[in-house]
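One letter stands for each residue in the lines below.
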Amino acid sequence: QANASDLKTFLSALRLAHQGTDTGVLPLSTLVPAKNSEVEKPKTKMTITSRRDYPLTKSFPYSLEHLQTSYCKLARVDTRVLCLKKLRKLDLSHNHIKQLPATLGDLVCLQELDLHDNHLESFSGALCCSSLQKSLQFLDLSQNRLRALPLEFCELRGLVNVKLDDNELERLPCRVGQLSRLRFLSAARNKLPFLPSDFRRLSLENLDLFGNPFEQPNPLVPNIQLKIPLTLSECAARATINHRIPYGCHLLPSHLCEDLGVAKTCQCGSACLSSFIQITVTMNLHHVAHTVVLVDNMGGTDAPILCYFCSLRCYSQFLDRHLQSN
């Protein structure tokens, strides 16, 4: 945007200086400070809501902190967006995106990610293990084609608000209770038959699970996966968790570490892995959320939640209490 004649004069002076010409004969003009009105401030926000306005030849300003590119029929995330290291809010809603690049996790300042109304069929576990673990606070994955979320999803410990409405989710991550900062969760109109047992650990302000085909809990019809006697690996795994023995991939094969990471907890507080008794019981959602959207049109706020037992003894003790209370 420089003045053409001034630019030519500058280049001419630069060439003469490079050739060793005496500074006294260089065609230098007096420097005049620029006025505030002439200085363009760094652009921090850009909103694009149509395909015709989407920049194809120009780059996005590197100073951007908030970028919205909605209704642009994007089939993938633009690689130019992945270079915006100052980006705090990224809105890619109402597009045709099917897959997210792992490099999206390189946006170290990203706090809000809106992917509402796209064609996503999966959410990468690699993203959950990136810098988004600490930065991401708001995530909108509603109106996509998700059937499940990866186990690593619960590594996004900074999440405060998560929207999962209108997908095809058949389950929530089993370690969802690790999201200790989560305050707003909506997963309405999915295909959830029950909630994971770890769901009890959440402390929410608002919860919406309306329109899921929750099954009717029946504690008297258990799913028995007990192996008697316990295998050596089951005994070792239970002892490792119950006694809080440190472990890691430098000590154990990675698949064993993954199994230990998703261990189930019995009502007695002990751990169990592949040998357990599973049932579903009723939980009032007000135990985990201050405000609860009705689960169904009948005005209910109860939902089935998984419950595990490490032995027949623990299950029989539960049955005694259950029958007495009824």
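These numbers were taken from a predicted model, which means no experiment stands behind them.

Q: Can you help me understand the side chain of Thr240 in this one?
A: For Thr240, the position within the fold is in helix α4 (residues 232-242). Judged by relative accessible area, which is 15%, Thr240 ranks as buried. At 2.8 Å, the side chain of Thr240 and the backbone oxygen of Ala236 are in polar contact. If we ignore the near neighbours within four places in the chain, the residues touching Thr240 are Ile245, Tyr247 and Leu260.

Q: Sorry if this is basic, but what is going on with the nonpolar core here?
A: Note that soluble globular proteins tend to have their nonpolar side chains buried in a common cluster. Core analysis: the biggest nonpolar cluster contains 76 residues, and Leu90, Phe123, Phe153, Leu195, Phe199 and Leu285 have the highest contact counts within it. Those elements giving two or more residues to this core turn out to be β1 (45-48), α2 (125-128), β8 (204-208), β12 (277-284), β13 (289-293), β14 (302-309) and α6 (312-325). It is β14 that provides the largest number of residues to this core, a total of 6 residues. Two domains share this core, each providing at least three of its residues, namely domain 1 (45-191) and domain 2 (223-278 + 310-325). Beyond its immediate chain neighbours, meaning those up to four positions away, Phe199 contacts Leu172, Val176, Leu185, Leu207, Leu209, Met283, Leu285, Val288 and Ile305.

Q: Even after reading the chapter, I still don't get the side chain of Asp91, so can you show me in this structure?
A: Residue placement: Asp91 occurs in strand β3 (residues 89-91). At 2.7 Å, the side chain of Asp91 forms a polar contact with the side chain of Ser93. Residue contacts for Asp91: discarding those within four places in its chain leaves Leu67, Gln68, Thr69, Ser70 and Asp114.

Q: How should I be thinking about a nonpolar patch on the surface in this particular structure?
A: On the surface, Leu7, Phe10, Leu11 and Leu14 cluster together into a nonpolar patch covering about 390 Å² of accessible area. Summarising the element assignment, Phe10 is placed in helix α1 (residues 4-18).

Q: Would you explain the pairing of β8 in this entry?
A: A regular strand places its side chains on the two faces of the sheet in alternate fashion. Relative to β8, strand β7 (residues 184-186) runs parallel, the two being bridged by 3 bridges. By the bridge assignment, Leu185 is partnered in β8 with Leu207. Looking at chain direction, β8 and β13 are connected through 4 bridges and run parallel. Bridging across to β13, Asp208 finds its partner in Val293.

Q: How should I be thinking about the domain arrangement of the protein in this particular structure?
A: When the parts of a complex come together, some accessible area is lost, and that lost area is often taken as the interface size. Domain boundaries in the protein define domain 1 (45-191) and domain 2 (223-278 + 310-325). Spacing between the C-alpha centres of domain 1 and domain 2 amounts to 35 Å.

Q: It is not clear to me how the sheet that holds β13 should be interpreted in this structure. Could you clarify?
A: Across a sheet, paired strands are connected by hydrogen bonds in the backbone, their directions being either parallel or antiparallel. Pairing in this open sheet of 9 strands is parallel, and the strands run β1-β2-β3-β4-β5-β6-β7-β8-β13 from one edge to the other. Since the sheet does not close on itself, it has two edges, and those belong to β1 and β13, each with one partner. Each strand of the sheet is rotated relative to its neighbour by a mean of 5°, with strand direction disregarded. Relative to β7, strand β6 (residues 161-163) is paired through 3 bridges, and the arrangement is parallel. In the sheet register, Lys163 faces β7, and the bridge partner there is Ser186.

What counts, and where the lines are drawn
Residues numbered from 1 in each chain as written. Predicted model: local features only at pLDDT ≥ 70, side-chain atom pairs only at ≥ 80, totals over all residues. Heavy atoms only, no water. Helix = DSSP H or I, 4+ residues; strand = E, 2+ residues; numbered from the N terminus. Buried < 20%, exposed > 50% of the residue type's maximum accessible area, 1.4 Å probe, protein only. Polar contact = N/O pair within 3.5 Å; in protein donor to acceptor, adjacent residues only side chain to side chain. Contact = heavy atoms within 4.5 Å. Core = buried A, V, L, I, M, F, W, Y, C linked by side-chain atoms within 4.5 Å. Domains from an automatic or database assignment. Patch = residues over 30% accessible without salt bridge, like charges linked within 9 Å, V, L, I, M, F, W, Y side chains within 5 Å. Areas by Shrake-Rupley, 256 points an atom, 1.4 Å probe, with all protein chains shown as cover. Salt bridge = Lys/Arg side-chain N within 4 Å of Asp/Glu carboxyl O. Pairing = 2+ DSSP bridges. Axes fitted to C-alpha atoms, helices over the stretch in contact; angles between N-to-C directions.

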